[in-house]
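Given next are the chains, with one letter for each unit.
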Protein chains: 2
Amino acid sequence: MIGVDWGTTSFRAYRLAADGKVLEARSAPRGILSMEKQDFSAVLKEQIAGWPDDLVLMCGMVGSRQGWKEVPYVNCPAGPSEIAAQMESVRPGVWIVPGLSCIDASGVPDVMRGEETQLIGVADSLPAEALVCLPGTHSKWARVRSGTIEGFSTFFTGELYAVLRDHSLLGRMMENGPPDAAAFSEGIARSGEDGGLLHHLFGVRTRGLFGELRGQAAPSYLSGLLIGHELRASARDRIHLVGAPELVALYAQGAELLGIEATALDPQAAARVR
Amino acid sequence: MIGVDWGTTSFRAYRLAADGKVLEARSAPRGILSMEKQDFSAVLKEQIAGWPDDLVLMCGMVGSRQGWKEVPYVNCPAGPSEIAAQMESVRPGVWIVPGLSCIDASGVPDVMRGEETQLIGVADSLPAEALVCLPGTHSKWARVRSGTIEGFSTFFTGELYAVLRDHSLLGRMMENGPPDAAAFSEGIARSGEDGGLLHHLFGVRTRGLFGELRGQAAPSYLSGLLIGHELRASARDRIHLVGAPELVALYAQGAELLGIEATALDPQAAARVR
C-alpha cells in the first residue's frame, strides 16, 4: 500500500511493505495551498506513477476544507478502529484518513490532521500510558493510553518563532549562524523566570542592546525561550518525542535541562501508515 | 519652552506654558526611521518654525543609537533630578532627555525612552506608591515611589498583536470590524486558563474553525488574550494607566474583569515635559 502525508506546503508519499517497512519515498512541493480542487487527482496520479500498489491512504490537510475533500474530525478518545471507520474515499482505492478533534478542560476545541497517523505509527513503541510531543509549526501534545488517543493540546510555538524572526523588531537584530547550544539553554532557563512570555520576548531585544546576546546567538535564544514555555506548560516527568530529527533534538535538550525524561521515537516508524 | 516626543515613526511637539499647560501642538510622520543623521536639525527647525521659545527638551528614540545623538540610559531608581542631570545638548538650547534602564530580578536588562517623561508628567497625580502602566507597542509597567521611578518591566504585547494579525495564520481568519467588547472579555477570561499563551493562540484558530468566533470578532479576542496575559503577569490590586485613550480604555476594561482597580490619568498631562 501507499501512505501519503499531504500537508499545507508539501506532498510526501511512502510505498510500504506489509510489515510497515518503507520501500520507497517521494516528496514534492505540492502542498494543498498550491492547488485548485480539480488538481488533486492528477497530482496524486503523477506523484505515485509507476508504483503498482492499489491502496492509497492519505492524511493531513488534504482532508481539510481547503483540501481535496473535507473529512469530518473524529472526536477523542479515538484509536485506530474509530479512525479507520470514518475514512472517506475520493476515488476507488484512494482514502482520506480523518483528523482528530477534542475539547480542552475549558471548553475550547483543538484539532490535528496528519499527526494522528504518526501517533498510530508509534503506538507499539509506547508504554501503556504516554505523553507524546510532536514538535512543529503547531506542536501537538497527545495523551495516549493503550493505543487510544485520549486528548491533545496544540501549541503555536513554531509559527510564533517564524513570524517573530521574519517580521518583528527581534528578527531585525538576528543574524544567520549555526545553532548555539549555550544561547538555547539560556532561553530555556529564562522561560521559567518572572514576567511571563510577553516580558521575556522584549528581553531578547534588551539583551542584544546591552551586548549580552550576539545577533548569531539570538535565534537560538528565542527558540529556547519559546520551547521552554511550551515544555513548562505541557510536559510531565516523562515524554516521548516524534518528528523531524533536528527539532526532536532541540526538544530533548530542553527537556533534559528541565529534568524531564525524554525518549525520541524513530520518525521513520512514525511515517508509516499502519 | 517646547517639549518634543520624537519616536520611531512620528514627531510630536508641544508648546508649553510655565505651568505645563499645552498652548499648541504639532505632529508629523517624521520618525527617526525616516531620517538620516544630518536631517535632524533641519527637521526640528522646520517643525517648530514660528514658535518663539528658546528651550527645547526632546525625549524618545531621538536619543537612541539610531537617533540624533545617543544619550546613555540613566539607571533606576531615578527621579526628575537624576534625569535632568544627564540630559545632553545637541545645539544651544536644544536638549535630549535620557531614557531609563533597569535590571530585572533575574538579571535581564530593560529600557525605556520617552515614557520616563510621561511618568514625570503624571507624578503629581499619583499616590506615594504606584504601579503605572503605559500601554503601547511595547507596554511599560513602572513602579513609582514619591516621584522616583524605582524600576519597570516591558511587555511585547502591542508588537506581538500586530505581527500575528499581519503575518500569521490567525490574521488570515480575521476581518476588519468595530471593536467587539464581548470577544475581548472572552479573551481576557481565556488568558487565565490552562495551557499558557502558546496554547491559547492556537485556540484563536480552532474557535474560528468551529464557528465559535467570527472573523470580525477575532481581533478583539486576540487583543483580550494578549492584554489578559500582560495584566495577569504584572498588575497588582491597583494600577494607574497613561496613554492613548482607546488603549487605556481597553486595559481598564481588562483590569475591571480581573478585579483590578484601574485609574486612568489625563494623557494631556502626561505629554507635558515639566
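Coordinates for the structure precede this section.
## What about the pattern of salt bridges?
Thinking step 1. All told, the structure shown has 24 salt bridges over all chains when counted by the stated rule.
Thinking step 2. Note that Arg207 of chain A is salt-bridged to Glu186 of chain A, the shortest N-O span being 3.1 Å. Taken as a pair, Arg207 of chain A in helix α7 (residues 196-209) and Glu186 of chain A in helix α6 (residues 181-190) lie far apart in primary sequence, 21 residues in all.
Thinking step 3. Arg207 of chain A gets classed as buried once you look at its relative accessible area, which sits at 10%.
Thinking step 4. A salt bridge links Asp53 of chain B to Arg15 of chain B, with the shortest nitrogen-to-oxygen separation between them at 2.8 Å. On the criterion of sequence distance, the pair formed by Asp53 of chain B in the loop between α1 (40-47) and β4 (56-59) and Arg15 of chain B in strand β2 (residues 11-16) is long-range, its members being 38 residues apart.
Thinking step 5. Through salt bridges with shared partners, a single network forms among Asp104 of chain A together with Arg190 and Glu193 of chain B.

## Focus: unusual backbone geometry
Residue and element names in this part refer to chain A.
Thinking step 1. Pro77 follows Cys76 through a cis peptide bond whose omega is 0°.
Thinking step 2. Within the secondary structure layout, Pro77 lies in the loop between β5 (74-75) and α2 (80-85).
Thinking step 3. For Ser146, which is not glycine, the phi dihedral falls at a positive 45°.
Thinking step 4. Within the secondary structure layout, Ser146 lies in the loop between β11 (139-145) and β12 (148-155).
Thinking step 5. Among the residues examined, Ser146 registers a relative accessible area of 63% and is labelled exposed.

## Observations regarding the packing of aromatic side chains
Thinking step 1. Under the definition given, this model contains ten aromatic pairs over all chains.
Thinking step 2. On the basis of an interplanar angle of 80° and a centroid distance of 6.2 Å, the ring pair of Trp6 of chain B and Trp68 of chain B is categorised as edge-to-face. Placement of Trp6 of chain B in strand β1 (residues 2-6) and of Trp68 of chain B in the loop between β4 and β5 (74-75) is noted, with a sequence separation of 62 residues between them. For the pair Trp6 of chain B and Trp68 of chain B, one class covers both residues: buried.
Thinking step 3. One aromatic cluster is present, formed by Trp6, Phe11, Phe40 and Trp68 of chain A through successive ring pairs.

## Points about the packing of helix α4 (residues 157-167) of chain A against helix α8 (residues 218-234) of chain A
Residues and elements named next belong to chain A.
Thinking step 1. For the pair α4 and α8, interaxial distance at closest approach is 10 Å and the crossing angle is 150°. The orientation of α4 with respect to α8, classified from their angle, is roughly antiparallel. Seen along the crossing, α4 lies across α8 with a hand that is right-handed. Where α4 abuts α8, its residues Thr157, Leu160, Tyr161, Leu164 and Arg165 lie against Pro219, Leu222, Ser223, Leu226, Ile227 and Glu230.

## Focus on the nonpolar core
Thinking step 1. Ranked by size, the top nonpolar core spans 70 residues in total, and within it Leu160, Leu201 and Ile239 of chain A together with Leu160, Leu201 and Ile239 of chain B carry the most contacts.
Thinking step 2. Ignoring any residue separated from it by four or fewer positions in sequence, one finds Leu160 of chain A in contact with Leu197 and Leu226 of chain A together with Leu160, Leu164, Leu198 and Leu201 of chain B.
Thinking step 3. Counting residues in each nonpolar core, the second largest holds 24 residues, with Leu57, Val74, Val242 and Leu265 of chain B among its members.

## Here's the deal with the state of the cysteines
Residue and element names in this part refer to chain B.
Thinking step 1. As enumerated under the stated definition, the model contains zero disulfides over all chains in all.
Thinking step 2. Left without a disulfide partner, Cys59 is nearest to the cysteine sulfur of Cys76, which lies 15 Å away.
Thinking step 3. Classification of Cys59 as buried rests on a relative accessible area of 4%.

Reading the values: the criteria
- Residues numbered from 1 in each chain as written.
- Chains lettered and ligands numbered in written order.
- Predicted model: local features only at pLDDT ≥ 70, side-chain atom pairs only at ≥ 80, totals over all residues.
- Heavy atoms only, no water.
- Salt bridge = Lys/Arg side-chain N within 4 Å of Asp/Glu carboxyl O.
- Helix = DSSP H or I, 4+ residues; strand = E, 2+ residues; numbered from the N terminus.
- Buried < 20%, exposed > 50% of the residue type's maximum accessible area, 1.4 Å probe, protein only.
- Phe/Tyr/Trp six-rings, centres within 6.5 Å; stacked < 30°, edge-to-face > 60°.
- Axes fitted to C-alpha atoms, helices over the stretch in contact; angles between N-to-C directions.
- Parallel < 35°, antiparallel > 145°, perpendicular 65-115°, else oblique.
- Left-handed = near helix turned anticlockwise from the far one by under 90°.
- Contact = heavy atoms within 4.5 Å.
- Core = buried A, V, L, I, M, F, W, Y, C linked by side-chain atoms within 4.5 Å.
- Disulfide = S-S within 2.5 Å.

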